[in-house]
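The residues making up each chain are set out below.
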2 protein chains.
Amino acid sequence: MGTETNKMPKAKYESIYRDLKDQIEAGEYPSGKLLPSENVLCETFGCSRNTIRRAVGMLASDGYVQSQHGKGIWSIYEPSDQTTFVVGGIEPFAEAARRNGREPGTRLIDFKEITVDKEMSKRSGFPEGSEVYYIERVRLLDGKPLIFDINLFLKSAIPGLTPELAAGSVYAYAENEKGLKVTTSRRKITAERASSKDKHNLDLKDYDFVCVISSQTYSADGTMFEYTRSRHRPDCFCFIDTAFRPDSGNRNTALVKQA
Amino acid sequence: MGTETNKMPKAKYESIYRDLKDQIEAGEYPSGKLLPSENVLCETFGCSRNTIRRAVGMLASDGYVQSQHGKGIWSIYEPSDQTTFVVGGIEPFAEAARRNGREPGTRLIDFKEITVDKEMSKRSGFPEGSEVYYIERVRLLDGKPLIFDINLFLKSAIPGLTPELAAGSVYAYAENEKGLKVTTSRRKITAERASSKDKHNLDLKDYDFVCVISSQTYSADGTMFEYTRSRHRPDCFCFIDTAFRPDSGNRNTALVKQA
DNA sequence: GCCGATTTGTCCGTATGTATC
DNA sequence: CGATACATACGGACAAATCGG
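Remember, it's a predicted structure, so these values are computed and weren't measured experimentally.

1. Considering the sheet that holds strand 6 (residues 144-154) of chain B
Alright, step 1. Taken in spatial order, the eight strands make up an open sheet running 3(A)-10(A)-7(B)-8(B)-9(B)-6(B)-5(B)-4(B), and their pairing is mixed. Looking along the sheet, the strands with just one partner apiece sit at the ends: strand 3 (85-87) of chain A together with strand 4 (104-115) of chain B. This sheet shows a mean twist of 20° between the axes of neighbouring strands, independent of strand direction.
Alright, step 2. In the sheet, strand 4 of chain B pairs with strand 5 (residues 131-141) of chain B via 11 bridges, with the strands oriented antiparallel. Its bridge partner lying in strand 5 of chain B, Leu-108 of chain B is registered against Arg-137 of chain B.

2. Some words on the sheet that holds strand 6 (residues 144-154) of chain A
Alright, step 1. Pairing is mixed across the open sheet formed by eight strands, whose spatial order is 4(A)-5(A)-6(A)-9(A)-8(A)-7(A)-10(B)-3(B). One side of each edge strand has no neighbouring strand; the edge strands of this open sheet are strand 4 (104-115) of chain A together with strand 3 (85-87) of chain B. Going from strand to strand, the sheet's axes swing by 20° on average, the running direction of each strand aside.
Alright, step 2. Pairing geometry for strand 5 (residues 131-141) of chain A and strand 6 of chain A, over 10 bridges, is antiparallel. If you follow Arg-137 of chain A over to strand 6 of chain A, its bridge partner there is Asp-149 of chain A.

3. Section: helix 7 (residues 170-177) of chain A
All names here are of chain A.
Alright, step 1. Listed in full, the buried residues belonging to helix 7 are Val-170, Tyr-171, Tyr-173 and Ala-174. Taken around the axis of helix 7, the buried residues stretch over an arc of 165°, which confines them to a single face. Opposite the packed face of helix 7, turned more than 90 degrees from it, sit the exposed residues Asn-176 and Glu-177.
Alright, step 2. Residues of helix 7 that are buried make contact with strand 5, strand 6, helix 6 (163-167), strand 7 (182-193), strand 8 (209-219) and strand 9 (224-232).
Alright, step 3. Of the residues flanking the end of helix 7, it is Gly-179, one or two places downstream, whose phi is positive at about 70°.

4. Quick notes on the pattern of salt bridges
Alright, step 1. Under the counting rule described, the total for this entry stands at 34 salt bridges over all chains.
Alright, step 2. Measuring nitrogen to oxygen at the nearest pair gives 2.5 Å for the salt bridge that ties Arg-229 of chain A to Glu-192 of chain A. Taken together, the residues Arg-229 of chain A in strand 9 and Glu-192 of chain A in strand 7 connect sequence positions 37 residues apart.
Alright, step 3. Look at Arg-229 of chain A and you get buried, because its relative accessible area is 11%.
Alright, step 4. A salt bridge links Arg-99 of chain B to Glu-91 of chain B; its shortest N-O distance comes to 2.5 Å.
Alright, step 5. On the basis of relative accessibility, which here comes to 34%, the residue Arg-99 of chain B falls in the partly exposed class.
Alright, step 6. Taken together, the shared-partner salt bridges connect Glu-192, Asp-198, Arg-229 and Arg-231 of chain A into one network.

5. Brief notes about unusual backbone geometry
Alright, step 1. Phi is positive for Lys-205 of chain A, close to 55°, though the residue is something other than glycine.
Alright, step 2. With respect to the secondary-structure elements, Lys-205 of chain A resides in the loop between helix 8 (196-201) and strand 8.

6. So, the domain arrangement of chain A
Alright, step 1. Under the domain assignment, chain A is made up of domain 1 (10-79) and domain 2 (83-240).
Alright, step 2. Using C-alpha coordinates to define each centre, domain 1 of chain A is positioned 34 Å away from domain 2 of chain A.

7. Points about the packing of helix 2 (residues 38-45) of chain A against helix 3 (residues 49-61) of chain A
All names here are of chain A.
Alright, step 1. Where helix 2 contacts helix 3, the two axes come as close as 9 Å, and the packing angle between them is 105°. By the criterion of interaxial angle, the relationship of helix 2 to helix 3 is roughly perpendicular. Residue-level inspection shows Glu-38, Asn-39, Leu-41, Cys-42 and Phe-45 of helix 2 in contact with helix 3, the latter providing Arg-49, Ile-52 and Arg-53.
Alright, step 2. Per-class residue counts for the contact of helix 2 with helix 3 are four nonpolar, one polar and three charged.

8. Focus: the packing of aromatic side chains
The description of an aromatic ring pair uses the distance of the two centres, along with the angle that the planes make with each other.
All names here are of chain A.
Alright, step 1. Overall, the coordinates contain 12 aromatic pairs over all chains when judged by the stated rule.
Alright, step 2. Note on Phe-111 and Tyr-133: the rings are 5.7 Å apart at their centroids and 40° apart in plane angle, and the pair reads as tilted. Here the residue Phe-111 occupies a position in strand 4, and Tyr-133 occupies one in strand 5, the gap between them amounting to 22 residues.
Alright, step 3. Judged by relative accessible area, which is 19%, Phe-111 ranks as buried.
Alright, step 4. For Tyr-133, a relative accessible area of 4% translates into the label buried.
Alright, step 5. An angle of 50° between the planes, with centres 6.4 Å apart, marks the rings of Tyr-171 and Phe-225 as tilted. Pair noted here: Tyr-171 is in helix 7 and Phe-225 is in strand 9, with a separation of 54 residues, a long-range link.
Alright, step 6. Using a relative accessible area of 1% as the deciding quantity, one classes Phe-225 as buried.
Alright, step 7. For the cation-ring pair, Lys-155 lies above Tyr-133, with the distance from its terminal atom to the ring centre recorded as 6.0 Å.

9. Notes on the protein's contact with DNA strand C
Alright, step 1. Taken together, 27 residues sit near DNA strand C, with Lys-12 and Thr-51 of chain A together with Arg-49, Arg-53 and His-69 of chain B positioned nearest.
Alright, step 2. Put simply, 67% of the atoms of DNA strand C that lie within 4 Å of the protein are in sugar or phosphate.
Alright, step 3. At a separation of 3.0 Å, a base nitrogen of DNA strand C approaches a polar side-chain atom of His-69 of chain A.
Alright, step 4. Contacts to DNA strand C include Arg-53 of chain B, whose side-chain N or O atom sits 2.6 Å from a phosphate oxygen.
Alright, step 5. Taken together, the elements giving at least two residues each to the surface near DNA strand C come down to helix 1 (12-25) and helix 3 of chain A together with helix 3 (49-61), strand 1 (65-68) and strand 2 (72-75) of chain B.
Alright, step 6. For the surface near DNA strand C, a count of residues per class yields four nonpolar, 14 polar and nine charged.

How each quantity is defined
Residues numbered from 1 in each chain as written. Chains lettered and ligands numbered in written order. Predicted model: local features only at pLDDT ≥ 70, side-chain atom pairs only at ≥ 80, totals over all residues. Heavy atoms only, no water. Pairing = 2+ DSSP bridges. Helix = DSSP H or I, 4+ residues; strand = E, 2+ residues; numbered from the N terminus. Axes fitted to C-alpha atoms, helices over the stretch in contact; angles between N-to-C directions. Buried < 20%, exposed > 50% of the residue type's maximum accessible area, 1.4 Å probe, protein only. Arc of directions from axis to C-beta. Contact = heavy atoms within 4.5 Å. Salt bridge = Lys/Arg side-chain N within 4 Å of Asp/Glu carboxyl O. Domains from an automatic or database assignment. Parallel < 35°, antiparallel > 145°, perpendicular 65-115°, else oblique. Nonpolar A, V, L, I, M, F, W, Y, C, P; charged D, E, K, R; others polar. Phe/Tyr/Trp six-rings, centres within 6.5 Å; stacked < 30°, edge-to-face > 60°. Lys NZ or Arg CZ within 6 Å of the ring centre and 35° of its normal. Near = heavy atom within 4 Å. Polar contact = N/O pair within 3.5 Å; in protein donor to acceptor, adjacent residues only side chain to side chain.

Laid out in structure tokens, this is it:
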């Protein structure tokens, strides 16, 4: 390991994507301003048009730019105000917290090993009889208990998990120690009445409801290894998404959503 | 116009995408089952590998499939149970309702023409002084008032809007009559305490909070023409999303999110 | 552990279509 | 009408991961 900055992108399209994203965030292309044409970008970055289109497509799926057929590509980037906790891609809680400029903390509430029963199978998507770790954790942001997490992790995918590890980052353990490759996560956002556990563990003020992200996460070999319900204090919760209209002339060559 | 089914896809990648999606939804590839290899799919559909990869990428961004480097592409599709109203892409309310198997209805509450002031500018993203239509509507599903919509539409983008039109589909008018091309929408999902208007207009039962989708929508020429806040009854609301882990080996060539 | 076949991932060059100006 | 710009599609090349022998 050298002293280079972390996460050197290997792929060309990714480094171009990051370059352009940085430029947009730095204000070089405020909302409404046209970017250079694809052909110019090809020369600038010394690559083919396909590669440029891939990077631009990723920016479009992030809601940073928009392109129109005969005209060009322009920025529609609006910096967000960051008063709430913005939920992003698949990332460990600590990373998400720092991305939002908050100091993360974790309080372990419960840790046990259980077998998935019929009712739990129906809700989680794990087959009945699966052996899983059941973990309850309170997540702190700048010291305040704002998120109540309930995790089910498949034991066969992450053997050897302990309460001590669960108090830190399960993902760090799974990816670095166990070689687990996390790929896809399907998430549902809903809101529910606050449970007594929510009220007990979270600093809910006088709110009596929570925002809930229920997610099923898959590893590279296609097995679902995690089911999580994250219960958020509503005034500190924000989920952002960008959608496209498929039937319109614009059909962005968008790529994977990049956090 | 002939008798052909609506929305004949012009692009090859799109018709392949739909074919595969239909097959997966029909149960030909239950979760865990491997799809044919890209080269086989090339022969099946009579196209190049790039085109196949594009269609597969769209399926991945829909959370239907997942691919791994030397192995293949398999289904991770789990049919949803459809007890709630699932929010999808950019689509008129009536379409979304029918996609969820519900009968849509609209009740116009308010319609006026206003000028955006400072406070409203800050929240909506419209420049101060913009001339907009202000519309309040209650959306019915199977006759039940479940969604309270507040729209701001830019007058210059959709001139000639009337209460009568607003009682139907503004999008149909804007796209078909005015030639507006809708492309991108940025959305935030939050939850808020129910306002007195919510309680008055919606059938909230004993819920005292609502799920809110705030969206800014852009036309093909890059102007933001719509700001909307959709306030949903929480027990009938569900927002679904698929996320990817960028640093993992798998980097899906995913395309635009397709409803 | 090595090798070769298969499969996906990245990248390129090119051609053609179509919308905008 | 021509020039410019994005959209679609093809074919080829090589790298890297996986799996079986």
